[in-house]
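# Remarks on the overall topology
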Amino acid sequence: MISLSMGFNTAKGQTIFVDQQVSQPGNGTSWAQAYVSLDEALVNATEGQEIWVRYGRYILGEGSFGMYSIAAGVRLYGGFQGTEVSIDERMNFDESGENETIVIGHLNFEPSEVLTNVIDGFSIFTDKNFSAIAALRNSTLQITGEIPIPGIFFVDAELQLDGDGLTWGTAFNNLLSAAAAADDEDQIWVKKGVYYANQNLVSPQSGGESISLQSGVELYGGFSGNESNANNRTDFGEGGSNETILDGSLFDVPPELSKTLMVIVGSTNETVIDGISFVMGRDVNTSGAIVGNKLSISNCYFYNNYGNFGGAISGSGNIVNCIFEGNEASTQGGAISGTDLLIEDSNFVDNNSIVGGVVNLENSTAVNSSFSQNQSNTGSFVWASNTTFDGCNFYNNQGKMSIGEGSSVLNSQIYGNIISIVLESSEIYDTDIYDNEDFNLAVASGGVLRHCSVNNNASQGPDDAAITILEGGLVSKSKIFENTVGGGVSISGNGTIEYSFLYDNVNSVSTNPNNLTANEGMGLADHVTVFNTNPNLSAENHIKITAGAIISNSLLLFAYSSLDISIPSSSYNGAFDNIGDNTLILDLDNFSETGAQVVFDTLLLPDSPCIGAAQDESNIGAYQGSGSGLSKTFFPIKSGNWEDGEIWNYGIAPLEQFDVVISGYSVQLNSETLCNSVLIEQSGDSQVGELFVNKGGYLMVNEFLEVAEQPVGTGEMNNLFISPGGKVEIVEGAN
């Protein structure tokens, strides 16, 4: 007996609708609310009701033929398009018609003295003759011991003789026969086991043999050999008990005679390949495993295939939940070379090629996939043009990442590799880049690095910064810190870095700048904060600005320095010669540490090059507050959400050791944040400051939180509002 939901019973005389293609299964009361399962309709139908079934193939019972009884007087009508309001509107529903409705399985009607059941408009494949108790109209009936499923061919390598492929018992015993029999919209179900593409060869010198599959065919592996529904397959992945393997190694065919394991003939319709392991395919002219377009490949494993371009796959289409391991190409794309591909939830491990060691992609997208231990002998382990990598992990790879024109990497991680990255008319954003060796990220013309964290990377040499911004390149709203060997950022030509933090980067040569080098040309550092927190880093070699480069609207903090940096000195390599407007240079001359807490006593040097007699402090870009924070230099914020970097002067929220001022603005805090101190005060034109800590907001301050007194002569006050669910905390040890 099968178990079905009985939660809804249709009323006597009401029509029940069935449509396996309906987007949202319903209660069977209309086409829009149709049942998906014909079984469910048959179980719920009562005497006198009609069941209208949209065209398609319906298999009764999950895993076995149904044993329930169909009520007397129930009338079944097939051949509907799915919009009809009367039976007479049906068209082209005869055998092979466009609206043919196929039912496969056991139909068991309740005994009745009168012929009350009607079946109209179906092609029926069953193991029992029920025509004596049901009137067949406009229908065909085929009765067999094992019910063949129209449009499905079966393959079982364990059978000694090659059958007709119509049932498991009479299956083909090889894939070549099944592929020759299948046409557009047919399915091939392959039982577990090993299948050889070259099994018909007389000798290696006969040349390799490809399996030619017509476009539009659906190929499924991983069956145990008794299923009647492809969704009933279990444990059919790589190494599983029902793994299906297509192997190209039966004969040691000479390389020049070897052929791709599978070639898709034509590209009219989508070709489905699901649950197959492709191993040891080899073709020196194209791809080793699959060549074709409009592919839909899922749940497959590609191992040790070799090709000229695309070690495993060459083509277009969708690839979902697949593993590519140990594949190689002599030119490009060790795993895949293709265009118009969508790759999702897949893993690429230990693939190799000269160009595009893992993938060589154009006009494609890779989502939530991982790339590890891949390499390129002389070129790029990833080569992409007009391609997006979203939510991907790149780790333990070797070579170059060529993110070419129109391409982007976002929401990803790049770590633990031995790599260089080239951005040209392309973009990396919202990505963490860390713990890489022999590292350099070259941001060339049209290249953009945005909202990224670049840290703890070791560059190739002291003259190679972690990030090189070339002519027309842009680094924006990013953190570059704790990179070694070649330091942080080098700007050449008209490259730009803006709204970013650079700190604690190290150059292995003591006389080279650690954090920022702006070489000859019109390089621009705008709204940039540069500082050190490491006492072993020398302030003399903090930055280097050469002729033509400009730093503006920025904050340069020199820690652990006893020098009077307000006076330009040759020891700064001319760092102050090109300081633009609104740039603040501070000497953290009383920087100290108390336990794990960093304490700042920061003073603005009055003779700093950015301050002249005609300037007032409101234009400096940082702010000296009053009250408890008299000696503080505050980061100002404008009205809006604290989490939005756009409302901060430097385009990014400050680090936890900095101080914040809300001067005449209204700010909303909706998440957890930590800073050294907060001052809420009025602006110069007596506008009050306000901070709203909303539900879910959590403000932690190390030193103090001050709401300044009411401005004299005004009726308004500066305010701190804490909503239910909001929280403000002065952490332990603070004042």
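Read on for an overview of the structure.

Scoring rules and cut-offs
- Residues numbered from 1 in each chain as written.
- Predicted model: local features only at pLDDT ≥ 70, side-chain atom pairs only at ≥ 80, totals over all residues.
- Heavy atoms only, no water.
- Helix = DSSP H or I, 4+ residues; strand = E, 2+ residues; numbered from the N terminus.
- Contact = heavy atoms within 4.5 Å.
- Areas by Shrake-Rupley, 256 points an atom, 1.4 Å probe, with all protein chains shown as cover.
- Buried < 20%, exposed > 50% of the residue type's maximum accessible area, 1.4 Å probe, protein only.
- Pairing = 2+ DSSP bridges.
- 1 Å grid on protein atoms, 1.4 Å probe; cavity = no way out; pocket = protein on both sides within 12 Å on 5 of 7 lines; lining within 4 Å.
- Points joined across faces, edges and corners; volume = space filled by probe spheres on them.
- Nonpolar A, V, L, I, M, F, W, Y, C, P; charged D, E, K, R; others polar.
- Patch = residues over 30% accessible without salt bridge, like charges linked within 9 Å, V, L, I, M, F, W, Y side chains within 5 Å.
- Salt bridge = Lys/Arg side-chain N within 4 Å of Asp/Glu carboxyl O.
- Core = buried A, V, L, I, M, F, W, Y, C linked by side-chain atoms within 4.5 Å.
- Phe/Tyr/Trp six-rings, centres within 6.5 Å; stacked < 30°, edge-to-face > 60°.
- Lys NZ or Arg CZ within 6 Å of the ring centre and 35° of its normal.

The helix and strand tally for the protein stands at two helices and 66 strands. Contacts spanning at least 24 positions in sequence make up 53% of the contacts within the protein whose residues lie at least 6 apart. As presented, the protein carries roughly 29,500 Å² of accessible surface, and 46% of it is formed by carbon and sulfur atoms.

A few words now on the pairing of strand β17 (residues 271–274). Residue alternation in β17 divides its side chains into two sets, Thr-271 and Ile-273 and Val-272 and Asp-274, and both sets are buried. Looking at chain direction, strand β14 (residues 218–223) and β17 are connected through three bridges and run parallel. The residue bridging Glu-218 from the neighbouring strand is Val-272, located in β17. Pairing geometry for β17 and strand β20 (residues 290–298), over four bridges, is parallel.

Of the volumes computed, that of the largest pocket is approximately 850 Å³. Together, 27 residues line the largest pocket, and Gln-20, Arg-57, Tyr-58, Ile-59 and Gln-187 are the ones closest to its centre. Looking at the lining of the largest pocket element by element, the count peaks at four residues for strand β3 (residues 56–59). When its residues are assigned to classes, the lining of the largest pocket shows eleven nonpolar, nine polar and seven charged.

Further remarks concern a nonpolar patch on the surface. A cluster of nonpolar side chains, contributed by Ile-354, Val-355 and Trp-383, occupies part of the molecular surface with about 210 Å² of accessible area. According to the relative accessible area criterion, Trp-383 is partly exposed, its value standing at 31%.

Our next topic: the environment of Ile-319. Take Ile-319: it is sitting in strand β23 (residues 313–320). In this structure the C-alpha to C-alpha distance between Ile-319 and Asn-299, which are 20 residues apart in sequence, comes to 8.7 Å.

Phe-278, Ile-290, Phe-302, Ile-336, Phe-389 and Ile-467 are the most contacted members of the largest nonpolar core, which has 80 residues in total. Ranked by residue count, the leading element in this core is helix α2 (residues 175–181), at four residues. Setting aside its immediate chain neighbours within four residues, Ile-467 contacts Asn-440, Leu-441, Val-443, Leu-449, Val-454, Val-475, Ile-480, Gly-488, Val-489 and Ser-490. Core analysis: the second largest hydrophobic core is formed by 22 residues, Leu-38, Ala-41, Val-53 and Phe-122 among them.

Quick look at the packing of aromatic side chains now. Inspection of the entire model under this criterion finds 21 aromatic pairs. Consider the rings of Phe-17 and Trp-31, whose centres lie 4.9 Å apart with planes at 65 degrees: the pair is edge-to-face. With Phe-17 in strand β1 (residues 16–18) and Trp-31 in the loop between β1 and α1 (38–44), this residue pair connects regions lying 14 residues apart in the sequence. Comparing Phe-17 with Trp-31, the two get one shared label, buried. When the ring of Trp-189 is compared with that of Phe-223, the centres are 4.8 Å apart and the planes differ by 10 degrees; the resulting orientation is stacked. Of this pair, Trp-189 sits in strand β11 (residues 187–191) while Phe-223 sits in strand β14, and the two are 34 residues apart along the sequence. Under the relative-accessibility criterion, Phe-223 is labelled buried at 0%. One aromatic cluster is present, formed by Phe-278, Phe-302, Phe-324, Phe-348, Phe-371, Phe-389 and Phe-394 through successive ring pairs. In this structure, Arg-233 is placed above the aromatic ring of Phe-223, and the distance from its NZ or CZ to the ring centre is 5.5 Å. When the ring centre of Phe-236 is taken as reference, the NZ or CZ atom of Arg-233 above it lies at 4.4 Å.

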